Amino acid sequence: MTEKIFAALNFIRTTIIYIIYPPLCPLCQEIVDDRNEICDDCAKKIFRLDEEKFLPESLDGVFHITKYREGTRDLLRKLKFDNNVKVLPTIKKILEKISDNPELKNFLSEIDAATFVPLHQDRLKERGFNQTELIFKNFLAEKNLPIKNFLIRQKSTPRLFKFTPAERKKILQDAFAAVEGIILQRKKILIVDDIYTTGATTSECARVLKNFGAEKVFVLAFASDSEEKINGG
């Protein structure tokens, strides 16, 4: 009897919370079924499940998950610049939605190991975490691809969104180095990143990895802004 009373009270409490604080789509604020869930209309807008057609030097493949503009920009800005980790459950929901995508599964099928674009120690200290590692750590672990730290950022660089591709390449020259003792001979490495635009950052990371024996280097980007950047010059 007591269990039934507690169950009834819990149902009432949950119903009241739902009425007062209904679950909202984090992108458009429409009511959805579950918290942190993205509504169907927004899901149609944000996903960009495809491979980059024009690859920069050193990269052997780039797969995008979402669109950045009019997509997941607000989520990533909150995470990166506001240190708001409360957006991570929504990001996790997005990754869950594409987990069984056949193109993505095929893209990941030949990967031997995964790493992430590192932050400079000053920015890591300021932010307290590497946002890309937080985004992908559990997702890749579930696919038996644990993230390993293969790179260090030995040079502090400015945020690159205002610079041209040529300027980015120059700024990033010698910005990264390999972690001491890594062995990558004949390995196919995946670099995960939060945003892919021109590919300058990941291309420089790939160059370092290939210098240490990596056979191929691929990129999995949570969001892509590459088309807009190319069209904008």
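In this text, all values refer to a predicted model and were calculated from it rather than measured experimentally.

(A) The packing of helix 4 (residues 88–98) against helix 7 (residues 131–141), seen in detail. Where helix 4 meets helix 7, the closest approach of the two axes is 10 Å, and the angle between their N-to-C directions is 45 degrees. Relative to helix 7, the element helix 4 is oriented oblique. Relative to helix 7, the crossing made by helix 4 is right-handed. Of the residues in helix 7, those touching helix 4 at Leu-88, Ile-91, Leu-95 and Ile-98 are Leu-134, Ile-135, Phe-136 and Phe-139. For the contact of helix 4 with helix 7, the residue count by class is eight nonpolar, no polar and no charged.

(B) Up close: the pattern of salt bridges. Taken as a whole and assessed by the stated rule, the structure comprises nine salt bridges. One salt bridge connects Glu-215 with Lys-188, and the closest N-O pair in it is separated by 3.9 Å. Of this pair, Glu-215 sits in the loop between helix 9 (200–211) and strand 7 (216–224) while Lys-188 sits in strand 6 (residues 188–196), and the two are 27 residues apart along the sequence. Owing to a relative accessible area of 41%, Glu-215 belongs among the partly exposed residues under this scheme. Counted as one network, the salt bridges with shared partners bring together Glu-37, Lys-93 and Lys-97.

(C) The arrangement of helix 7 in detail. Considered for burial, the residues of helix 7 that qualify are Gln-131, Thr-132, Ile-135, Phe-136, Phe-139 and Leu-140. In an axial view of helix 7, the angular spread of the buried residues amounts to 115 degrees, which keeps them on one side of the axis. Where helix 7 begins, the side chain of Asn-130 points an oxygen toward the backbone nitrogen of Thr-132, at a separation of 2.9 Å.

(D) Layout of the nonpolar core. Judged by nonpolar contacts, the single largest core of 40 residues is most densely connected at Ile-91, Leu-95, Phe-136, Leu-140, Leu-190, Leu-220 and Phe-222. Examining the composition of this core, we find that five residues originate from one element, helix 4, more than from any other. Not counting residues within four places of it along the chain, the set of residues in contact with Phe-222 comprises Ile-65, Thr-66, Thr-72, Leu-76, Ile-91, Ile-94, Leu-95, Ile-135, Phe-136, Asp-193 and Asp-194. By size, the runner-up hydrophobic cluster in this structure holds 26 residues, among which are Leu-59, Leu-160, Tyr-196 and Ala-221.

(E) Structural context of the environment of Arg-48. Positionally, Arg-48 belongs in strand 1 (residues 47–51). A polar side-chain atom of Arg-48 sits 2.6 Å from a polar atom in the side chain of Ser-224.

(F) Spatial organisation of the packing of aromatic side chains. Applying the stated criterion across every chain, the model contains three aromatic pairs. Relative to Phe-218, the ring of Phe-107 lies with its centre 5.8 Å away and its plane at 80 degrees, an arrangement referred to as edge-to-face. Of the two residues, Phe-107 sits in helix 5 (residues 102–108) while Phe-218 sits in strand 7, which places them 111 residues apart along the sequence. On the accessibility criterion, Phe-107 (9% relative accessible area) is buried. Aromatic rings pair up to connect Phe-63, Phe-107 and Phe-218 into one cluster.

(G) Seen up close, the sheet that holds strand 6. Strand order in the open sheet formed by five strands is 1-2-7-6-3, with mixed pairing between adjacent strands. What marks the edges here is a single partner per strand, and that holds for strand 1 and strand 3 (113–116). Going from strand to strand, the sheet's axes swing by 20 degrees on average, the running direction of each strand aside. As paired strands, strand 2 (residues 61–67) and strand 7 are joined by six bridges and run parallel to one another. Note on strand 7: the bridge partner recorded for Thr-66 is Ala-223.

(H) Local environment of the packing of helix 3 (residues 68–81) against helix 4. Following both chains from N to C, one finds helix 3 and helix 4 inclined at 135 degrees, their axes separated by 10 Å at the closest point. With respect to helix 4, the axis of helix 3 lies oblique. As helix 3 packs across helix 4, the resulting crossing turns out to be left-handed. Residues Thr-72, Leu-75 and Leu-79 of helix 3 lie in contact with helix 4, whose contacting residues are Leu-88, Thr-90, Ile-91 and Ile-94. Looking at side-chain class alone, the contact of helix 3 with helix 4 contains five nonpolar, two polar and no charged residues.

(I) Looking closely at the confidence of the model for the protein chain. Residue-level pLDDT values for the protein chain average 88, and 89% of them are 70 or greater. Here residues 228–233 is a poorly scored stretch, pLDDT under 50, and it has six contacts once near neighbours within four places are set aside; other chains count.

What counts, and at which threshold
Residues numbered from 1 in each chain as written. Predicted model: local features only at pLDDT ≥ 70, side-chain atom pairs only at ≥ 80, totals over all residues. Heavy atoms only, no water. Axes fitted to C-alpha atoms, helices over the stretch in contact; angles between N-to-C directions. Helix = DSSP H or I, 4+ residues; strand = E, 2+ residues; numbered from the N terminus. Parallel < 35°, antiparallel > 145°, perpendicular 65-115°, else oblique. Left-handed = near helix turned anticlockwise from the far one by under 90°. Contact = heavy atoms within 4.5 Å. Nonpolar A, V, L, I, M, F, W, Y, C, P; charged D, E, K, R; others polar. Salt bridge = Lys/Arg side-chain N within 4 Å of Asp/Glu carboxyl O. Buried < 20%, exposed > 50% of the residue type's maximum accessible area, 1.4 Å probe, protein only. Arc of directions from axis to C-beta. Polar contact = N/O pair within 3.5 Å; in protein donor to acceptor, adjacent residues only side chain to side chain. Core = buried A, V, L, I, M, F, W, Y, C linked by side-chain atoms within 4.5 Å. Phe/Tyr/Trp six-rings, centres within 6.5 Å; stacked < 30°, edge-to-face > 60°. Pairing = 2+ DSSP bridges. pLDDT = per-residue confidence, 0-100.

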